[in-house]
Every structure is written in C-alpha cells, then in structure tokens.
Amino acid sequence: MLSKNSRTYNLLLIITDITILFVAFVSAYIIRVQIDHRPLVNDVYYNEYLVSSLVIIPLWIIIFATLGLYQARVYERRLIEWSKLVVGAFIGILVIIGWEYATRETIFPARLVTVYAFVGSLILLVFGRELLRFIRSLMFRYGSGIKRVLLIGDDKTATDIARSIADTKKSGYR
C-alpha cells in the first residue's frame, strides 16, 4: 500500500518530469532555430512547436509510467532508474518520429532538434531526479517523511533487514 509520502514523491516526480521535458523541448528548439543559423528543413513556428510539445509530453509521462519510473522499487535504485530513463527517452523520441512519418505532420523544424531534445531531456531528467533524491535525503535527515517499521524476528534475515534500514538518514525508515 502506498503511503502518503510515496504518493507525494511520485507526484513531485511527475511534475518535475513534465517541467524538465518542456524545458528540454523549448531549449532544443531555441538552440537549433535561434542560435544555429543554418537553413531549416521545415518551417515550424514557435507557437505550433509549443502546442506539439504540450501534446507530446503527456505521452512521454505515460511511457515513463509504463516503464515503472514512478514506482518505489525503481526510483530507489539509481542505476535501474537511469537505464529506464534512457529507454523511456529513446522510446519517446521514436514515438514522435513515428508519428511524424505516419501522419506526414511536421513537429520538429530540423533533425537536430530531435537529437537536442533527446540528449537534453535525458541529461535534465537524470539531474532533476538526482536533485529530488538529494532533497528527499535532506528531509530524512531532519525527520520529515520517515516511515516507521516494526521488524519481528531474530534470525539472520531479520538482522540483515535491520542493518539495511538502520541508517534513517539514508533509508527513510525508523
């Protein structure tokens, strides 16, 4: 059963991911269209691109949720979370490219915007999740968001569990 703290952290993850994906898409557009002065493949105006981005971002969040990125067993394990972020970002970009191909509707003004959006979103997502993890550990340090656990038993397994959750500042358990 999800506790209130887990639901709050999941909500913060979703809000952070939405914000980061929006920033990554806007940054990719600005870098390629405003800073890089080479000719564009397609004329996609900023307002059209923003609307497309706002439609695409919920699809990415659904992909992330399907991969389990909002489950504690994933976001508690850093390397698994990072690998799923790579897979999720890659699938998200492939869905956009596939949508452009199937509908012949242009979303990105140039192919480099796709690359910039993928790399930027991946870097920013990892950074954002690490920042949230750091903030959560600070909250644990000050006693906020800690879950109370009653451990019953005196065998080797119970001892191992007790050792793994003994440091409240890291585990979030008391």
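See the structure shown above.
These numbers were taken from a predicted model, which means no experiment stands behind them.

Caption draft 1: The arrangement of the overall build of the protein chain in detail. A tally of helices and strands in the protein chain yields 7 helices and 0 strands. Taken from the N to the C terminus, the helices and strands of the protein chain come in the order α-α-α-α-α-α-α. Counting only residues that meet the buried cut, the protein chain has 36% of its 174 residues in that class. Contacts in the protein chain between residues at least 24 apart in sequence constitute 75% of all its contacts with a sequence separation of at least 6. Within the structure as shown, the protein chain displays about 11100 Å² of accessible surface, and the carbon and sulfur contribution to it stands at 66%.

Caption draft 2: Structural view of the packing of helix H4 (residues 78-103) against helix H5 (residues 111-141). Their axes nearest at 10 Å, the elements H4 and H5 cross at an angle of 150 degrees. Looking at the two axes, H4 sits roughly antiparallel to H5. In this structure, H4 meets H5 at a crossing whose hand is right-handed. Residues Arg-78, Glu-81, Trp-82, Leu-85, Val-86, Ala-89, Phe-90, Ile-93 and Ile-97 of H4 touch H5, and the partners they reach there are Thr-114, Ala-117, Phe-118, Ser-121, Leu-122, Leu-125, Val-126, Arg-129, Glu-130 and Arg-133.

Caption draft 3: Layout of the environment of Leu-50. Note on placement: Leu-50 falls in helix H2 (residues 46-66). Placed 24 residues apart in sequence, Leu-50 and Val-26 show a C-alpha to C-alpha distance of 7.5 Å. Sequence-distant contacts of Leu-50, defined by excluding residues within four places in its chain, comprise Phe-22 and Val-26.

Caption draft 4: Focus on the packing of H2 against H4. Between H2 and H4, the shortest axis-to-axis distance is 9 Å and the interhelical angle comes to 140 degrees. Classed by the angle they form, the pair H2 and H4 counts as oblique. Like other packed secondary-structure pairs, H2 and H4 cross with a definite hand, here right-handed. Seen from H2, the contacting residues are Ile-56, Trp-60, Ile-63 and Phe-64; seen from H4, they are Leu-85, Gly-88, Ala-89, Ile-91, Gly-92, Ile-93, Val-95 and Ile-96. Of the residues in the contact of H2 with H4, the class split is 10 nonpolar, 2 polar and no charged.

Caption draft 5: A look at the packing of aromatic side chains. Applying the stated rule across the entire model yields 4 aromatic pairs. A centroid spacing of 6.2 Å and a plane angle of 65 degrees characterise the contact between Trp-60 and Phe-64, whose relative ring orientation is edge-to-face. Within this pair, Trp-60 and its partner Phe-64 are both found in helix H2, separated by 4 residues, close to a single helical turn. Judged by its relative accessible area of 0%, Phe-64 is buried.

Caption draft 6: Focus on the pattern of salt bridges. Tallying each qualifying case throughout the model produces 6 salt bridges. Residue Arg-129 pairs with Glu-81 through a salt bridge whose shortest N-O separation is 2.7 Å. Of this pair, Arg-129 sits in helix H5 while Glu-81 is found in helix H4, placing the two residues 48 residues apart along the sequence. Across this residue pair, the class does not change: Arg-129 and Glu-81 are buried. The salt bridge partner of Arg-133 is Glu-81, with a shortest N-O separation of 2.6 Å. Residue Arg-133 is found in helix H5, and its partner Glu-81 is found in helix H4; the two are separated by 52 residues along the sequence.

Caption draft 7: Quick look at the nonpolar core. Counting residues in hydrophobic clusters, the biggest one holds 31 residues, and the most contacted among them are Leu-21, Phe-25, Tyr-49, Trp-60, Phe-64 and Ile-96. Breaking this core down by element, the ones donating at least two residues are helix H1 (4-35), H2, helix H3 (72-75), H4 and H5. Among the elements that make up this core, the one with the highest residue count is H1 (8 residues). The residues touching Leu-21, leaving out its near neighbours within four places in the chain, are Ile-57, Trp-60, Ile-61, Phe-64, Ser-121 and Leu-125.

About the criteria used
Residues numbered from 1 in each chain as written. Predicted model: local features only at pLDDT ≥ 70, side-chain atom pairs only at ≥ 80, totals over all residues. Heavy atoms only, no water. Helix = DSSP H or I, 4+ residues; strand = E, 2+ residues; numbered from the N terminus. Buried < 20%, exposed > 50% of the residue type's maximum accessible area, 1.4 Å probe, protein only. Contact = heavy atoms within 4.5 Å. Areas by Shrake-Rupley, 256 points an atom, 1.4 Å probe, with all protein chains shown as cover. Axes fitted to C-alpha atoms, helices over the stretch in contact; angles between N-to-C directions. Parallel < 35°, antiparallel > 145°, perpendicular 65-115°, else oblique. Left-handed = near helix turned anticlockwise from the far one by under 90°. Nonpolar A, V, L, I, M, F, W, Y, C, P; charged D, E, K, R; others polar. Phe/Tyr/Trp six-rings, centres within 6.5 Å; stacked < 30°, edge-to-face > 60°. Salt bridge = Lys/Arg side-chain N within 4 Å of Asp/Glu carboxyl O. Core = buried A, V, L, I, M, F, W, Y, C linked by side-chain atoms within 4.5 Å.

Scope: geometric values only; no functional claims are made or implied.
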